[in-house]
Structure formats: structure tokens, C-alpha cells
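Here are the chains, one letter per residue:
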Amino acid sequence: MTDLNKLSETLIAGKGPDLKNQVQQAIDEGTDASQILNSALLPGMEVVGERMENGDMFIPEVLMSAKAMSGALEILKPLLSAEESKSAGKVIIGTVKGDLHDIGKNLVSMMLESAGFEVINLGVDIAPEGFVEAVKKHDPQIVALSALLTTTMTQMQKTIDALKENGLKDQVKVIVGGAPVTEKFAKEIGAEGYAPDAGSANKLARSLLH
Ligand code: B1M
């Protein structure tokens with residue numbers, strides 16, 4: 001039987017190649033991709049966060065863990081379940097300006113894709129003008145913004161303002177998420193929705209369009 005604690009420990013230790021092997025082995029043993037994600041990888045990243053906060057882990061080590069997490073997610077991506085597979089709509093997603101965190105945003109992107117959305121993932125550190133240009137170019141129904149820093153949350157408001165200034169806000173729904181973001185904050189900045197995690201981002205996107 002798969003030892004999920006071992007996977008967490010390998011992630012925390014930032015051993016990317018070992019983690020990939022262990023994730024693949026867990027899958028081969030029949031462990032669900034969602035169980036690997038929810039019971040090993042996400043709790044592992046929580047520990048990384050706590051250690052970073054306490055000064056027990058430093059940026060280079062956190063980066064190693066983050067890289068290992070991304071490698072593991074690539075393996076899980078095709079396996080994470082699709083609730084429904086018909087094309088559900090078009091979403092533009094990005095991490096806001098000044099913010100380089102992309103693991104959660106990529107997870108949201110993956111969940112949306114696996115649920116049938118066409119997802120245009122702009123990447124990290126996307127300025128309000130970047131979202132404006134992308135909306136003009138791709139004409140999505142939803143713009144999803146991610147922020148992991150309290151200092152970059154304000155960029156969400158700026159992005160919504162920029163969409164308004166360019167006359168684009170009425171044609172898209174803006175949804176927001178990321179560790180410091182709350183439902184209350186989403187309402188204050190005029191976003192149509194807030195999702196605390198990737199699974200609920202998917203449900204939220206669907207509920208806004210159907
Ligand atoms: Co940073 N970092 N980091 N970091 N980092 C946090 C966020 C922090 C909480 C750590 C801590 O101190 N405990 C803290 C922020 C404090 C704050 O502002 N409140 C912090 C800090 C301070 C910093 C730096 C400033 C550190 C420094 O340089 N002194 C710096 C800033 C760099 C920058 O962005 N400009 C920095 C740098 C980094 C690394 C580069 C080393 C690395 C990022 C690598 C990468 O992403 N490629 C990193 C990491 C890994 C973390 C922690 C440890 C883990 C983040 C993560 O990936 N979590 C994080 C601590 C923590 O969160 N516990 C921390 C796993 C991921 C699956 O969860 O991203 O929350 P999360 O996504 C969830 C939900 O939030 C939600 O769904 C996801 C999946 O369920 N969600 C959405 C996310 N986006 C959404 C969008 C949606 C909906 C839901 O759209 C609708």
C-alpha cells in the first residue's frame with residue numbers, strides 16, 4: 001500500500017526526481033490521483049509554508065519543493081477526474097502583477113481544463129494591462145485571478161478597474177482566489193466570485209456560466 005507520508009516527506013525535502021518516481025509508483029499501485037494530491041502533496045506544501053514562516057526553511061529549499069510539486073502535478077494532470085467533459089467555456093487565468101506563485105494557479109487551471117473549459121494560462125506577474133490585452137485577444141467568458149501575497153491582492157482591484165476602463169468588464173466574469181483572498185474581499189473589489197480551492201473554482205466557473 002502507498003505510504004502517503006513518504007510522498008509528503010519527499011516533497012518537503014524537495015527531491016523532485018524521487019517524488020516523480022514515488023507518485024508514479026503510487027498510481028501504478030492503484031492510488032487515486034486526487035488522494036495523492038489531497039492527502040500527500042497539499043499537506044506537504046502546508047508544512048513547507050509553516051517551515052518557511054518559522055524560518056526553518058529558506059527560499060532555495062522552498063523553491064526545490066515547489067519544483068518537485070510542479071513535476072508531480074504534471075504526472076497527475078491527465079488523471080485528475082473530469083466531472084463533465086463537454087466544452088464548458090473559455091477562461092483566462094493568471095497570477096497578478098508582482099506575484100510569482102504559480103502552483104495553486106496551475107492547479108486551478110488543470111481542474112478547469114479537466115472539467116472541459118478551454119483555459120488560457122497567462123503565467124505569473126501579469127499586469128492589469130496584460131489581462132486587458134488577453135481579454136481583447138481571446139474573448140473569454142471568465143477571467144480568473146490568483147494572488148498569494150497580501151501585498152499583491154490590490155492588483156486584483158487594479159485589474160478589475162482596468163477591465164472597466166477598457167469597456168470590457170461587462171463581457172467577462174472575474175473570479176479570484178489564493179491563500180490571502182476572502183469572499184468579503186472579492187465582494188469589495190467587485191469580483192463576481194471567490195473560490196477557496198481548485199475544486200470550488202471549477203464549480204464556481206460552471207455556476208457563473210450555466
Ligand atoms: Co511564497 N509566500 N513568497 N514562495 N510561498 C507564501 C504565500 C507565504 C504565505 C509563506 C509564509 O510566509 N508562510 C508568504 C505570504 C505572506 C503574505 O503575504 N500573506 C510568502 C512570501 C512572504 C514570499 C516571498 C515574499 C518571500 C521572500 O522573498 N521573502 C516571495 C515573494 C515572491 C513573489 O511572488 N514576488 C515568495 C517566494 C516563494 C517561492 C518563489 C520560493 C515559492 C513559489 C514557487 C512557485 O509558486 N512556483 C513560494 C512558495 C512555494 C510559498 C508557499 C510555501 C506555498 C505556496 C503554494 O504553492 N501552496 C506559501 C505558503 C503557503 O501557502 N502555505 C508561500 C500550494 C498551493 C496548491 O496552494 O497557492 O494557496 P495555493 O493555491 C490554492 C488556493 O489558494 C486556491 O486554489 C489552490 C489549490 O487548491 N487558489 C485559487 C489559488 N489561486 C486561485 C485562483 C482562483 C481560485 C482559487 O481563481 C478563481
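Here is what the cut-offs are and how they apply
Residues numbered from 1 in each chain as written. Predicted model: local features only at pLDDT ≥ 70, side-chain atom pairs only at ≥ 80, totals over all residues. Heavy atoms only, no water. Helix = DSSP H or I, 4+ residues; strand = E, 2+ residues; numbered from the N terminus. Contact = heavy atoms within 4.5 Å. Donors = N, O, S within 2.8 Å, 3.2 Å for Na, K, Ca; no water. Buried < 20%, exposed > 50% of the residue type's maximum accessible area, 1.4 Å probe, protein only. Pairing = 2+ DSSP bridges. Domains from an automatic or database assignment. Buried area = accessible area lost by both parts, 1.4 Å probe. Salt bridge = Lys/Arg side-chain N within 4 Å of Asp/Glu carboxyl O. Polar contact = N/O pair within 3.5 Å; in protein donor to acceptor, adjacent residues only side chain to side chain. Nonpolar A, V, L, I, M, F, W, Y, C, P; charged D, E, K, R; others polar.

Draft legend 1. Looking closely at the side chain of threonine 152. Topologically, threonine 152 is positioned in the loop between strand S3 (142-146) and helix H7 (154-165). Setting aside chain neighbours within four positions, we find threonine 152 in contact with Val96, Lys97, Gly98, Asp99 and Ala147.

Draft legend 2. Layout of the coordination of the cobalt atom of the ligand. The sole protein-derived ligand of the cobalt atom of the ligand is His101 (NE2), positioned 2.2 Å away. Residue position: histidine 101 is located in the loop between strand S1 (89-96) and helix H5 (103-114).

Draft legend 3. Representation of the pairing of S1. S1 sits mainly inside the fold: 7 of its 8 residues count as buried. Both S1 and strand S2 (residues 117-126) contribute to a ladder of 7 bridges, which runs parallel. Paired with valine 91 across the strands is valine 119, a residue of S2. Pairing of S1 with S3 involves 5 bridges; the strand directions are parallel. Looking at S3, one finds that isoleucine 92 is bridged to valine 143.

Draft legend 4. Structural detail: the domain arrangement of the protein. The domain boundaries assigned to the protein delineate domain 1 (4-79) and domain 2 (90-209). Computed over C-alpha atoms only, the centres of domain 1 and domain 2 are separated by 25 Å. Facing the 9 residues of domain 1 at the interface are 4 residues of domain 2. Between domain 1 and domain 2 the total buried area reaches about 580 Å² when both faces are included, carbon and sulfur atoms providing 82% of it. Of all residues in domain 1, Leu37, Leu73 and Lys77 give up the largest surface area on contact with domain 2, accounting jointly for 63% of the area buried on that side. For the interface between domain 1 and domain 2, the tally reads 0 salt bridges. In this structure, the connection of domain 1 to domain 2 is made through 0 residue pairs in polar contact (both at pLDDT 80 or more). Of all the secondary-structure elements, those providing two or more residues to the side of domain 1 that touches domain 2 are helix H3 (33-54) and helix H4 (59-76). Here the side of domain 1 that touches domain 2 is built from residues that sort into 6 nonpolar, 1 polar and 2 charged.

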